[in-house]
Amino acid sequence: MNPIFSRLSIFHFRLQPYLGRFIILVNITVFLLIPLIIDIRAEAQTSSDSTAEFKKLAAQLSTARLDGAAESAASEEMALGILDKLAIALLNGPASPDVDAANRRMADLVSHVPPIGENYRFVRLGGSPASYALVVNFGLSGPAAVRIYSNSSGHYALAARIDHFVDKDFFDSDVELIPVSAADPVFVIVAGRTDDLATGMFTAWRFDGRRAVPLWSSDLLQQSSYEADGGGFHLTYCSEPDEDHPAVCRKMTRDVYGLQAGEWKRLETQDLGPAKVTPK
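Now for a description of the structure that goes with this document. (Residues numbered from 1 in each chain as written. Predicted model: local features only at pLDDT ≥ 70, side-chain atom pairs only at ≥ 80, totals over all residues. Heavy atoms only, no water.)

### Things to note about the pattern of salt bridges
Moving on, step 1. Applying the stated rule across the entire model yields eight salt bridges.
Moving on, step 2. Its salt-bridge partner being arginine 147, residue aspartate 163 comes within 3.9 Å of it at the nearest N-O pair. With aspartate 163 in strand 4 (residues 156-163) and arginine 147 in strand 3 (residues 144-151), this residue pair connects regions lying 16 residues apart in the sequence.
Moving on, step 3. Residue aspartate 163 is classed as buried on the basis of its relative accessible area, which comes to 0%.
Moving on, step 4. The exposure class assigned to arginine 147 is buried, which follows from its relative accessible area of 3%.
Moving on, step 5. Salt bridges linked by common partners bring Glu77, Asp84, Arg147, Arg161 and Asp163 together as one network. (Salt bridge = Lys/Arg side-chain N within 4 Å of Asp/Glu carboxyl O. Helix = DSSP H or I, 4+ residues; strand = E, 2+ residues; numbered from the N terminus. Buried < 20%, exposed > 50% of the residue type's maximum accessible area, 1.4 Å probe, protein only.)

### Observations regarding the state of the cysteines
Moving on, step 1. Inspection of the entire model under this criterion finds one disulfide.
Moving on, step 2. Cysteine 238 shares a disulfide with cysteine 249; S-S distance 2.2 Å. Across the S-S bond of cysteine 238 and cysteine 249 the torsion is about 105°, and the bridge reads as right-handed. One end of the pair, cysteine 238, is in strand 10 (residues 232-241); the other, cysteine 249, is in strand 11 (residues 248-260), with 11 residues separating them in the sequence. Residue cysteine 238 shares its accessibility class with cysteine 249, and that shared class is buried. (Disulfide = S-S within 2.5 Å.)

### Description of empty space enclosed by the protein
Moving on, step 1. In the structure shown here, the tally under the stated rule is one cavity of 30 Å³ or more.
Moving on, step 2. Each pocket or cavity is described by its volume, and for the largest cavity that value is around 40 Å³.
Moving on, step 3. Together, Leu90, Leu91, Pro97, Asp98, Val99, Ala102, Phe122 and Tyr132 line the largest cavity.
Moving on, step 4. For the lining of the largest cavity, the class distribution of residues is seven nonpolar, no polar and one charged. (1 Å grid on protein atoms, 1.4 Å probe; cavity = no way out; pocket = protein on both sides within 12 Å on 5 of 7 lines; lining within 4 Å. Points joined across faces, edges and corners; volume = space filled by probe spheres on them. Nonpolar A, V, L, I, M, F, W, Y, C, P; charged D, E, K, R; others polar.)

### A closer look at a nonpolar patch on the surface
Moving on, step 1. Side chains of Leu66, Ile116 and Leu140 sit close together on the surface and give an oily, nonpolar patch of about 310 Å² of accessible area.
Moving on, step 2. You can see isoleucine 116 is positioned in the loop between helix 3 (99-107) and strand 1 (118-124).
Moving on, step 3. Residue isoleucine 116 is classed as exposed on the basis of its relative accessible area of 53%. (Patch = residues over 30% accessible without salt bridge, like charges linked within 9 Å, V, L, I, M, F, W, Y side chains within 5 Å. Areas by Shrake-Rupley, 256 points an atom, 1.4 Å probe, with all protein chains shown as cover.)

These figures come from the coordinates and say nothing about function on their own.
In structure tokens form, the structure reads like this:
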């Protein structure tokens, strides 16, 4: 017999037990992975279904207000519930919350093209551990809401909410949220400011770990602008409008607000004199 074939025959004989074990191992691995693959596909399908359902609800909420129809608390709760599940999943990821990445994910939820007046945006609040607010605008003339998530036991969960069904005085028109302090979860909600005169309402809030507590609210202010920095919340507005000529302001005023000794206070005020705003 050719010694080469003899050696190959011996090698094949020795390989057979290992080959059998390898095939068994592959089969076991595939068997164990099948449920995982099914779960991943099911989760992806569920996520896709939730996104489609949310977009449908958001469009309905915006359209209802434009048509003057009665608002549905049930529809709004369903839409906000979908947002809560997504927000909590994003905040409880393997790493620290990434606000920019989370906001890119939220941008995929818009139901209008272009998304005029519709946006869903995370904002990091002050304090330690950090809390996060989700600012919700359902679209042009649609309702708005703010959801606050806190981490009290190593896991982020919905802790507080601000919306028209909770706070009847909540002015839910195109809201923005501005953190005021890095040390405390104090923020200002800016609402309105959609007309040519930038007429808006400003409300200061503090999250106390369980609920959002209102601290102060302004009147509707014309020709308003604002910014927040280490020195407080700066609010500029027309304090003496000309009723006959809305674009003319007899006196502009700048106020600075902030948290002092645990209370929201106006820290300073300054008269800026008359101003004329060119209509947009």
